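Breakdown of the fold
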Amino acid sequence: FITERQLPIFFDYIENNSIVRPRSFNIPVDSSMPNAKVTMPKLKQDATGAFVEADFYPVGEGRAFTTTDAKIALATLEPKKHGCLVDMPNETLENTNAAEALINRMLKRAAVKYENTQFTSGAGGMFPIGFQNTEAMYTVKRNTANQVKYEDILAMLKVSMLDEKNNYIWMGSQSAFNYIYPMRDDSTYGEKVYRDGKLDGIPFIWTPTASALGTTNDLMLVNLQYYLTYIGTSLRLAQSKEYKFNRDMTVIRAKYSLDGDSWLSKYITRDDSTIVSPFIGLSSEVA
């Protein structure tokens, strides 16, 4: 009942419902070596977080060019296998259409939830390095404990890359709904800040990937174009009737490989000395 024709359905669903992958800098995979390690240039920063770039200056006849030290930093990603098993009673499989629908729903939801979590808070090693666990993540102290206020929104926007505002999204916990949904600017009679799925004009995504209200990262403002994702082997499905033959069950296995990391080594110090970051979280600490 699992056939090749179903595989695109699985991956289309993940693409359409994943928060990070479709908005990230996704590295194309070599289909002949889908799980091969890949090394690519990383945005080079100095000790202060400023970008190390080539410097232009006046030159003329008789003037020597000055060398700019703009060595390229490298990021290495290597897809690791991730998967799950689903047990199905053989009686259920007698109704093929019902079984397909059930497994479709289970595996799609599980894959999307797992991927969103790992690209956000993965600890590295056998997992991706989630953007929360990189030096580029900038944490802003909140105005009031266990609440989200308009002052918090302004504080987070202040350290965003405002010239790339259209590339940001908010990621928030539904436990903060009572503060986000009715939020108004400055006063009770001010303009409503959350409208039509956007917070201050930036798309807002409610997600269980964010932490609970009052804890660090219950609200995040992120520009995922600065996060690298690498999907190796696409989703593969297999089944076995022998593994749990004595229990009269069929086991379905799903697996694919992925990796991820920040494109930055730390948050950014700009020429005007302002500090900005593509990854901003609201801290549990109070300012």
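Just so it is clear, the model here is predicted, and its values are computed rather than measured.

1. Points about the overall build of the protein
- Helix and strand counts for the protein stand at 5 helices and 16 strands.
- Buried residues in the protein amount to 42% of all 287 residues.
- With the model as given, the accessible surface of the protein reaches about 15800 Å², and the carbon-plus-sulfur share is 51%.

2. Considerations on the pattern of salt bridges
- Tallying each qualifying case throughout the model produces 7 salt bridges.
- The residue D218 makes a salt bridge to R142 at a minimum N-O spacing of 2.9 Å. Of this pair, D218 sits in the loop between β9 (202-206) and β10 (219-223) while R142 sits in strand β5 (residues 137-142); the two residues are 76 residues apart in sequence, bridging distant segments of the chain.
- With a relative accessible area of 1%, D218 lands in the buried category.
- By relative accessible area, R142 is classed as buried at 0%.

3. Topic: the packing of aromatic side chains
- Using the criterion set out here, one finds 12 aromatic pairs in the structure.
- Ring geometry for F119 against Y227: centres 5.8 Å apart, planes inclined by 65°, an arrangement best described as edge-to-face. A residue pair is termed long-range when its members are at least 10 positions apart, and F119 in helix α3 (residues 96-121) and Y227 in strand β11 (residues 227-231) qualify at 108 residues.
- The exposure class of F119 is buried, given its relative accessible area of 0%.
- The class for Y227 is buried, based on a relative accessible area of 0%.

4. Let's talk about the sheet that holds strand β16 (residues 279-286)
- On the basis of which strands lie adjacent, the open sheet formed by 7 strands has the order β5-β16-β10-β6-β9-β8-β7 and mixed pairing. The sheet terminates laterally at β5 and β7 (194-195), the two strands that pair on one side only.
- In this fold helix α4 (residues 150-158) packs onto β5, β6 (168-172), β8 (198-199), β9, β10 and β16, with an angle of close to 25° to the strand it touches most, β10.

5. A closer look at the environment of F119
- Each C-alpha atom, one on F119 and one on N133, is 9.8 Å from the other, the two residues being 14 residues apart in sequence.
- Once you skip the residues sitting within four places of it in the chain, F119 turns out to touch V20, R21, P128, G130, F131, Y227, T229, I231, L258, D259 and G260.

6. Things to note about α4
- Looking only at α4, the buried set comprises Y150, D152, I153, M156 and L157. The buried residues of α4 occupy an angular sector of 155° when projected down its axis, which confines them to one face.
- Structurally, α4 contributes buried residues whose contacts are with β5, β6, β8, β9, β10 and β16.

7. So, the nonpolar core
- One finds F131, I153, W170, L199, L224 and F279 to be the most contacted residues of the largest nonpolar core, which totals 61 residues.
- With sequence-adjacent residues up to four places away left out, I153 is seen in contact with V148, W170, M183, L199 and L219.

8. Brief notes about the side chain of D218
- From its side chain, D218 meets the backbone nitrogen of G214 in a polar contact 2.9 Å long.
- Discounting chain neighbours no more than four positions away, the residues touching D218 are R142, V148, M171, G172, S173, A210, S211, A212, L213 and L282.

9. Looking at the confidence of the model for the protein
- A residue-level look at the protein finds 84% of positions with pLDDT of 70 or above and a mean pLDDT of 85.
- Confidence over residues 1-8 falls short of pLDDT 50; this stretch has 15 contacts with residues more than four positions distant or in other chains.

10. Looking at unusual backbone geometry
- Positioned with a positive phi, D200 is a non-glycine residue whose angle comes to about 55°.
- For D200, the position within the fold is in the loop between β8 and β9.
- With phi around 70°, S273 is a residue other than glycine that occupies positive phi space.
- As for its placement among the helices and strands, S273 is situated in the loop between β14 (268-269) and β15 (275-276).
- S273 sits in the exposed class, given a relative accessible area of 59%.

Scoring rules and cut-offs
- In this numbering scheme, every chain counts its residues from 1 along its sequence in written order.
- Only residues with pLDDT of 70 or above have their local features reported here, since the model is predicted, and side-chain atom pairs are shown and tallied only from 80 upward, although totals for entire chains, interfaces and linings are computed over all residues.
- Note that the side-chain values use all heavy atoms of the structure and ignore hydrogens as well as water.
- Here a strand is any run of E in DSSP of at least two residues, a helix any run of H or I of at least four, and the numbering for each starts at the N terminus.
- Only protein chains enter the accessibility calculation, which uses a 1.4 Å probe; a residue is then buried when its area is under 20% of its type maximum, exposed when over 50%, and partly exposed in between.
- Methods summary: accessible areas were calculated by the Shrake-Rupley approach with a probe of 1.4 Å, and residue burial reflects only the protein chains presented.
- The term salt bridge refers to a pairing of a side-chain nitrogen on Lys or Arg with a carboxyl oxygen on Asp or Glu at a separation within 4 Å.
- Each Phe, Tyr or Trp ring, with Trp reduced to its six-membered ring, pairs with another whose centre is within 6.5 Å; inter-plane angles below 30 degrees give stacked pairs, above 60 give edge-to-face pairs, and intermediate values give tilted ones.
- For two strands to be treated as a pair, DSSP must find at least two bridges joining them.
- Only heavy atoms matter for contacts: two residues are in contact if any of them lie within 4.5 Å across the pair.
- Axis lines are fitted to C-alpha atoms, over the contacting stretch for helices. Their N-to-C directions set the angle, which ranges from 0 to 180 degrees.
- Directions drawn from the helix axis to the C-beta atoms are what define this arc.
- The criterion is simple. A nonpolar core is a set of buried Ala, Val, Leu, Ile, Met, Phe, Trp, Tyr and Cys residues joined through side-chain atoms within 4.5 Å.
- Polar contact is defined as a pair of N or O atoms within 3.5 Å, subject to the rule that within protein one atom must be able to donate a hydrogen and the other to accept it, and that residues adjacent in sequence are counted only when both atoms are side-chain atoms.
- As a per-residue measure, pLDDT tells how confident the predictor is, with possible values from 0 to 100.

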